[in-house]
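Residue-level structural notes
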Amino acid sequence: MPEFDISRPTIARVYDALLGGKDNFAPDREGAAAYVKYVPNAGDCAKENRQALVKGVRYMANKGIDQFLDIGAGLPTMENTHQVAQSVNPDARVVYVDNDPIVLAHGRALLATNDNTTVITADLRDPRDILDHPEIKELLDFSRPIGLMVVGLHMHFHDEEQPDEWVRVLLDACPSGSYLFITDFVDTGEPLQKGMEKAGLESLGNGWIRTPERITEHFLGLPLVEPGLDFLARWFPEEPDKEVPAAEDLKPYQRILMAGIGYKA
Ligand code: SAM
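Conventions we followed
Numbering of residues starts from 1 in each chain and follows the order in which that chain's sequence is written. Residue-level local features of this predicted model are given only where pLDDT is at least 70; pairs of side-chain atoms are given and counted only at 80 or more, and the full residue set underlies all totals for whole chains, interfaces and linings. Only hydrogens and water are removed before side-chain values are computed, so all heavy atoms of the structure are retained for them. Helix and strand definitions here come from DSSP, where helices need a minimum of 4 consecutive H or I residues and strands a minimum of 2 consecutive E residues; each element is numbered from the N-terminal end. Every radius of gyration here is taken over C-alpha atoms, with the globule rule written as 2.2 Å times N^0.38, N being the number of residues. Relative accessible area decides the class of each residue, using a 1.4 Å probe on protein chains only: under 20% of the type maximum gives buried, over 50% gives exposed, and in between gives partly exposed. In this description, contact between two residues means that some pair of their heavy atoms is separated by no more than 4.5 Å. Here a salt bridge means any side-chain nitrogen of Lys or Arg lying within 4 Å of a carboxyl oxygen belonging to Asp or Glu. Whether a residue is near a molecule or strand depends on its heavy atoms: it is near if one of them lies within 4 Å of it. Polar contact is the term for a pair of N or O atoms within 3.5 Å; when the atoms are in protein, one must be able to donate a hydrogen and the other to accept it, and sequence-neighboring residues count only if both atoms are side-chain atoms. Accessible surface is estimated by sampling points in the Shrake-Rupley manner with a 1.4 Å probe; for residues, cover comes only from the protein chains shown. When residues are grouped by polarity, Ala, Val, Leu, Ile, Met, Phe, Trp, Tyr, Cys and Pro land in nonpolar, Asp, Glu, Lys and Arg in charged, and all others, Gly among them, in polar. Strands are treated as partners if at least two bridges between them are detected by DSSP. To get an axis, a line is fitted to the C-alpha atoms, and for a helix only the part in contact is used. The angle between two axes follows their N-to-C directions and goes from 0 to 180 degrees. Note: crossing handedness is left-handed where the near helix turns anticlockwise from the far helix by less than a right angle, and right-handed where it turns clockwise.

The name given to the protein in an unreviewed UniProt entry is SAM-dependent methyltransferase, with the source organism recorded as Glycomyces rutgersensis.

The helix and strand inventory of the protein stands at 10 helices and 7 strands. Against the globule reference of 18 Å for 265 residues, the protein gives a C-alpha radius of gyration of 17 Å, in line with a compact fold. Taking all 265 residues of the protein together, 56% fall into the buried category. Here the analysis covers contacts within the protein between residues at least 6 apart in sequence; of these, 72% occur between residues at least 24 apart.

A word on the pattern of salt bridges. One pass over the structure, following the stated rule, counts 16 salt bridges. In this structure, Asp-123 engages Arg-125 in a salt bridge whose closest nitrogen and oxygen atoms are separated by 3.8 Å. We classify Arg-125 as partly exposed; its relative accessible area is 35%. Residue Arg-214 is joined to Asp-159 by a salt bridge in which the shortest nitrogen-to-oxygen separation is 2.9 Å. Remark: Asp-159 occurs in the loop between β4 (147–151) and α8 (163–173) and Arg-214 occurs in helix α10 (residues 212–217); sequence separation between them is 55 residues. The class for Arg-214 is buried, based on a relative accessible area of 16%. Relative accessible area serves as the criterion here: at 32%, Asp-159 is assigned to the partly exposed category. Several salt bridges share partner residues, and in doing so they unite Asp-159, Asp-164, Asp-184, Arg-210, Arg-214 and Glu-217 into one network.

On to the site of the ligand, then. Close to the ligand lie 20 residues, the nearest being Tyr-15, Gly-72, Asp-98, Asp-123 and Val-151. A distance of 2.8 Å separates an oxygen atom of the ligand from a polar atom in the side chain of Asn-49. Asp-123 has a polar side-chain atom sitting 2.7 Å from a nitrogen atom of the ligand. Protein burial of the ligand: of its 600 Å² of free accessible surface, 96% is covered by the chains. Every element with two or more residues in the shell around the ligand is listed here: α1 (11–18) and α3 (42–62). Considering every element that reaches the shell around the ligand, the biggest residue donor is α1, with 3 residues. Tallied by class, residues from the shell around the ligand come to 9 nonpolar, 6 polar and 5 charged.

Here the focus is the sheet that holds strand β1 (residues 67–71). The 7 strands are arranged β3-β2-β1-β4-β5-β7-β6 in an open sheet whose pairing can be described as mixed. Every interior strand has two partners, whereas the edge strands, β3 (117–121) and β6 (230–231), have only one. Pairing of β1 with strand β2 (residues 93–98) involves 5 bridges; the strand directions are parallel. Residue Leu-69 lies in a different strand from β2, and its bridge partner there is Val-95. Where helix α4 (residues 81–88) meets the sheet, its contacts fall on β1, β2, β3 and β4, and the angle it forms with β2 comes to roughly 170 degrees.

The next point concerns the pairing of β4. With 5 of 5 residues buried, β4 lies mostly within the body of the structure. Of the two faces of β4, the one carrying Gly-147, Met-149 and Val-151 and the one carrying Leu-148 and Val-150 are both buried. One ladder, built from 4 bridges, connects β1 with β4; its direction is parallel. Bridged to Ile-71 within β4 is Val-150. With 5 bridges joining them, β4 and strand β5 (residues 179–185) adopt parallel strand pairing. Looking across to β5, one finds that Val-150 is bridged to Ile-182.

Our next topic: the packing of α1 against helix α2 (residues 26–38). A packed helix pair is summarised by two numbers, namely the angle formed by the two axes and the spacing between the axes. Closest axis-to-axis distance for the α1/α2 pair is 8 Å, and the angle between their directions is 65 degrees. Note on packing geometry: the crossing formed by α1 with α2 is right-handed. In this structure, α1 uses Arg-13, Val-14, Ala-17 and Leu-18 to contact α2, whose residues at the interface are Asp-28, Arg-29, Gly-31, Ala-32, Tyr-35 and Val-36. The residue makeup of the contact of α1 with α2, split by class, is 6 nonpolar, 1 polar and 3 charged.

Printed below as a string of structure tokens:
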């Protein structure tokens, strides 16, 4: 079992605290409190992000995707990628990747009985290490379409780090028919969005917001499936014609994250 530094907050554990989970320590709860100070509904934002994850995975699974590479997977919580994917196709394969070793420890326990799912400790900053990882090579077949997930992760990197270039390496390894699923913090000029950024910078030292145009660039030129990039509460890829509230009628906290899925033709 890897050693954990519990003296400082980590993204995975702060997020777990915001979701009401139990896999966190006092500094993580203080980090979560910093979010709540600036964004009182920060916990609801985290829950909406999880709901969006479920919507995105179900969409891809129903399109026939049976292999998922979930980068920055986070600690196991209510409905995780493999549960959603395997509820559509029991043979679906899922590899969870996270650079926080606590995810491996808790994920392994959850997955002890699931042969089609694994968790590895690896870093998006080293995408080639991810692709070369023996457990990825064993479980995923890169000659067939992959559901590549980078959900709730880009905000933790500054633009100067060029996170899109790491994702490009992974996407290049995925064949045509694959999808790229992303959620990110958005900047449409609202004070609460700025509050989310302040909270992240204060508690974790990262958590930047981006314009929708900049988020669109994360998709590396792939066309987006309907309804395109939108606020989570308006984003229903399986029901693109569903009647959704106008953006201005959402609660301000519901205008902090956007989701989209790109398709590699
Ligand atoms: N994807 C999940 C979701 O949307 O519910 C969890 C999102 S959580 C906000 C971000 C996760 O990314 C954390 O578990 C964190 O440990 C992980 N992470 C942060 N930096 C990473 C990196 N460089 N490589 C891999 N994972 C990373």
